[in-house]
Amino acid sequence: MKKIKPELIAAIERTAKKLKDGAAYQWGHMGACNCGNLAQELTYLSKAEIHRYAMERSGDWNDQLLEFCPSSGYPLDLIIEKMLDYGLSLDDLRHLERLSSPEVLQAIPFERRNSLSKNSKEDVILYLQTWAKLLTNQWATAQQIEDLSLAEKKLAD
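Keep in mind it's a predicted model, so treat the numbers as computed, not measured. (Residues numbered from 1 in each chain as written. Predicted model: local features only at pLDDT ≥ 70, side-chain atom pairs only at ≥ 80, totals over all residues. Heavy atoms only, no water.)

I tried to follow the packing of aromatic side chains on my own but got confused; where do I start?
Two measures describe an aromatic ring pair: the distance that separates the ring centres and the angle between the ring planes. What the rule picks out here adds up to 1 aromatic pair. Directly above the ring of Tyr74 sits Arg57, whose terminal nitrogen or CZ lies 4.7 Å from the centroid. (Phe/Tyr/Trp six-rings, centres within 6.5 Å; stacked < 30°, edge-to-face > 60°. Lys NZ or Arg CZ within 6 Å of the ring centre and 35° of its normal.)

I'm lost on the environment of Leu8 in this one. Help?
Turning to its location among the elements, Leu8 is positioned in helix α1 (residues 6-20). In this structure, the C-alpha to C-alpha distance between Leu8 and Leu38, residues 30 residues apart in sequence, is 9.6 Å. (Helix = DSSP H or I, 4+ residues; strand = E, 2+ residues; numbered from the N terminus.)

Mind showing me how you'd approach the environment of Val124 here?
Here Val124 shows up in helix α9 (residues 121-156). Taking the C-alpha atoms as reference points, Val124 and Ala16, separated by 108 residues in sequence, lie 7.7 Å from one another. Setting aside residues no more than four positions away along its own chain, Val124 makes contact with Leu19, Tyr25, Asn34, Leu99 and Lys118. (Contact = heavy atoms within 4.5 Å.)

Sorry if this is basic, but what is going on with the nonpolar core here?
The tendency in soluble globular proteins is for nonpolar side chains to be buried as a group. Among the nonpolar cores identified, the biggest contains 43 residues, and Leu38, Trp61, Met83 and Trp131 are the most heavily contacted of them. Secondary structure elements with two or more residues in this core: α1, α2 (34-43), α3 (47-54), α4 (61-66), α5 (75-85), α6 (90-98), α7 (102-106) and α9. Ranked by residues supplied to this core, first place goes to α9 with 9 residues. (Core = buried A, V, L, I, M, F, W, Y, C linked by side-chain atoms within 4.5 Å. Buried < 20%, exposed > 50% of the residue type's maximum accessible area, 1.4 Å probe, protein only.)

Even after reading the chapter, I still don't get the packing of α2 against α6, so can you show me in this structure?
The description of two helices packed together rests on the angle between their axes and the distance between the axes. Contact pair α2 / α6: the axes reach a minimum separation of 7 Å and the direction vectors enclose 125 degrees. Classified by the angle between their axes, α2 and α6 sit oblique to one another. Between α2 and α6, the contacting residues are Asn34, Cys35 and Leu38 on the first element and Leu93, Leu96, Glu97 and Arg98 on the second. Residue composition of the contact of α2 with α6, grouped by class: 4 nonpolar, 1 polar and 2 charged. (Axes fitted to C-alpha atoms, helices over the stretch in contact; angles between N-to-C directions. Parallel < 35°, antiparallel > 145°, perpendicular 65-115°, else oblique. Nonpolar A, V, L, I, M, F, W, Y, C, P; charged D, E, K, R; others polar.)

Would you take a moment to explain the confidence of the model for the protein for this structure?
For any part of a model where pLDDT is low, the fine detail of the predicted coordinates should not be relied upon. On average, residues of the protein carry a pLDDT of 92, and 92% of them reach 70 or more. Of all helices and strands in the protein, the one with the weakest mean pLDDT is α9 (83), whereas α2 scores best (98). (pLDDT = per-residue confidence, 0-100.)

I would appreciate a short explanation of α6 in the present structure.
In an α-helix, one turn spans 3.6 residues, which is why side chains three or four residues apart end up on the same side. Taken as a whole, α6 has its buried residues at Asp92, Leu93, Leu96 and Glu97. For α6, the angular spread of the buried residues around the axis is 130 degrees, confining them to a single face. After α6 finishes, the residue Leu99 shows a positive phi value of roughly 50 degrees. (Arc of directions from axis to C-beta.)

Just to check I follow, could you spell out the environment of Ala32 for this structure?
As for its placement among the helices and strands, Ala32 is situated in the loop between α1 and α2. Spatially, the C-alpha atoms of Ala32 and Ala16 are 13 Å apart, while their sequence positions differ by 16 residues. Excluding anything up to four places from it in sequence, Ala32 contacts Ala24, Tyr25, Gln26, Asn37, Gln40 and Lys47.

Which parts of the structure should I look at to understand the pattern of salt bridges?
Two side chains of opposite charge can pair, provided their charged atoms sit close to one another. By the definition in use, this model includes 7 salt bridges. Residue Asp21 pairs with Lys17 through a salt bridge whose shortest N-O separation is 2.6 Å. For the residue pair Asp21 and Lys17, the accessibility class agrees, reading exposed in each case. Note that Lys18 is salt-bridged to Glu41, the shortest N-O span being 2.9 Å. Here Glu41 lies in helix α2 and Lys18 lies in helix α1, a separation of 23 residues in the sequence. Of the residues examined, Lys18 reaches a relative accessible area of 33% and is grouped as partly exposed. Judged by relative accessible area, which is 9%, Glu41 ranks as buried. It is possible to trace a salt-bridge network through shared partners that takes in Arg14, Lys18 and Glu41. (Salt bridge = Lys/Arg side-chain N within 4 Å of Asp/Glu carboxyl O.)

This is the structure:
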């Protein structure tokens, strides 16, 4: 993760809420899977548009992330680049698609963590909610440190 942005946290929270409220979910569909649902929130593209763009090249999200090239001209690379602009890293996206971030998993109770399935809508919702909470806490801590640094600088002047 690059710098944590409140807009990213809000998009992750909206993605979890939409899924919880019944948004389409299908792990094998590039626009309705784990990354696809978050991409909808960050790019305002529909699941059909994301899927159509992804089909211009072979492979799932992980394959597409390995092949990512911002100057390729492939529409999915432009979508990925837009997602990275929000502060995500390619690793964040790989972990989201597989529900595999060690940091996020550590924050999920052991019994539940060991039974997560990358293609379970309920597990994706839990992962997104947990991730958003972690990012919120990290962002708040960074803000406090920044505020303290500014205060110390003013005192030193």
